[in-house]
Amino acid sequence: MTAEIINGKEIAAKKRLEIAEEVQKLKSEGVTPGLSVILVGNNDASKTYVKSKQKTCEELGMYSLLITMPEEVSEVELLAKIEELNADPSIHGILVQLPLPKHIDETRVIESISPLKDVDGFHPINIGRMMTGQNAFLPCTPYGILVLLEETGVQLEGKHVVVVGRSNIVGKPVGQLLLNKNATVTYCHSKTKDLSVHTRQADILIAAVGIPNFIKADHVKEGAVVIDVGINRNEAGKLCGDVAFDEVSEKAGYITPVPKGVGPMTITMLMYNTLKSASESIGGF
Ligand code: NAD
């Protein structure tokens, strides 16, 4: 079997068009969705991510406010800036680009963002609301994976999903979102024994490990849907995922490539969450 490629770039482009249309509708009602991104320090990868978020924001007709702070900024100053943005009616989404310098407590910072503007979906209130199936900002990468699966027409109910990785930003929430859709979910992680015994049972296998080409054909059941969240560099410095694409795509039914798979969906769902927040500020969709 040769897998069908799930084209994240195309699906993201379609979603972005829909978001841009909704942005225009909101603007005609006098509300421009506004996203503020706070960048602390000089991390090159963070700068690239922030730039791309700003660019997408502007392309979709939203207001984008970048706040840069020096590496040595105090936690108190950062918290004061977040407080100011929490109270600013032109800002509907606040995102603090992670990682933060070591002297700043990330948890305290995340918890200082108003849950109503937490468009990353990292605040414990949004995580709790997601777990209990209430209206919430869903974390962007897991939400993007859900949309990719739905847009591809993959049935989730009753399917066995195996998630490899249990980070708070990807592994844990993606399993929870698919559980909410009535899938049966197994989590695997660095202490799991006999990994392939579990992964070979997956109808849908999600790799969020951060190790280049970690998932091989032997880990995969014939015809499975394989979602590769990894963004890594291989020995030659080339971008690659957590899945050995060439061998796994010979066995899987569907597969996401890296790049142009999950990646473009993450920013798209950030834009969606900002739109949702702006819309909810005047009563909701
Ligand atoms: P993380 O380092 O926080 O978590 C990695 C997880 O992998 C851990 O839970 C760990 O238990 C598990 N793991 C490590 N070694 C393992 C092993 N040998 N067997 C089984 N499990 C093992 O990483 P993360 O933040 O969840 O990110 C994972 C990958 O996804 C990274 O490559 C990251 O760059 C990428 N990522 C991509 C996007 C996107 O938008 N596409 C967003 C976030 C993260």
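Residues numbered from 1 in each chain as written. Predicted model: local features only at pLDDT ≥ 70, side-chain atom pairs only at ≥ 80, totals over all residues. Heavy atoms only, no water.

### Overview of the sheet that holds strand 7 (residues 204-207)
Item 1. Strand order in this open sheet of six strands is 1-11-8-7-5-6, and the pairing throughout is parallel. Bordering the open sheet on either side are strand 1 (4-5) and strand 6 (184-188), each of which pairs with just one other strand.
Item 2. Examined bridge by bridge, strand 5 (residues 160-164) and strand 6 share five bridges and lie parallel to one another. Pairing of histidine 160 across the sheet is with threonine 184, part of strand 6. (Pairing = 2+ DSSP bridges. Helix = DSSP H or I, 4+ residues; strand = E, 2+ residues; numbered from the N terminus.)

### Looking at the site of the ligand
Item 1. Residues in close proximity to the ligand total 21 residues, the closest being Arg166, Ser167, Ser190, Ile231 and Thr266.
Item 2. Contact between the ligand and serine 190: an oxygen atom at 3.0 Å from a main-chain N or O atom of the residue.
Item 3. Contact distances for the ligand include 3.0 Å between an oxygen atom and a backbone N or O atom of isoleucine 231.
Item 4. For the ligand, the protein covers 71% of the area, taking 870 Å² as the surface of the free molecule. (Near = heavy atom within 4 Å. Polar contact = N/O pair within 3.5 Å; in protein donor to acceptor, adjacent residues only side chain to side chain. Areas by Shrake-Rupley, 256 points an atom, 1.4 Å probe, with all protein chains shown as cover.)

### With respect to the state of the cysteines
Item 1. Under the defined criterion, the tally for this structure stands at zero disulfides.
Item 2. Cysteine cysteine 57 remains unbridged, with the sulfur of cysteine 140 as its closest cysteine sulfur at 12 Å.
Item 3. Judged by relative accessible area, cysteine 57 falls into the buried class, the value being 0%. (Disulfide = S-S within 2.5 Å. Buried < 20%, exposed > 50% of the residue type's maximum accessible area, 1.4 Å probe, protein only.)

### Examining a negative patch on the surface
Item 1. Among the surface-exposed residues, Asp218, Asp246, Glu247 and Glu250 lie close enough to one another that they form a single negatively charged patch.
Item 2. Within the secondary structure layout, glutamate 247 lies in helix 9 (residues 245-248). (Patch = residues over 30% accessible without salt bridge, like charges linked within 9 Å, V, L, I, M, F, W, Y side chains within 5 Å. Salt bridge = Lys/Arg side-chain N within 4 Å of Asp/Glu carboxyl O. Lys, Arg positive; Asp, Glu negative; His and termini not counted. Charge placed at Lys NZ, Arg CZ, Asp CG, Glu CD.)

### A short note on the packing of aromatic side chains
Item 1. Scanning the entire structure with this criterion turns up one aromatic pair.
Item 2. Between tyrosine 143 and tyrosine 272, the ring centres sit 5.8 Å apart and the planes meet at 80 degrees, which makes this aromatic pair edge-to-face. Residue tyrosine 143 is located in helix 6 (residues 140-152), and its partner tyrosine 272 is located in helix 10 (residues 263-280); the two are separated by 129 residues in the primary sequence.
Item 3. Classification of tyrosine 272 by relative accessible area gives partly exposed; the value is 23%.
Item 4. Here lysine 276 stacks its cationic end above the ring of phenylalanine 137, 5.8 Å away from the centre of that ring. (Phe/Tyr/Trp six-rings, centres within 6.5 Å; stacked < 30°, edge-to-face > 60°. Lys NZ or Arg CZ within 6 Å of the ring centre and 35° of its normal.)

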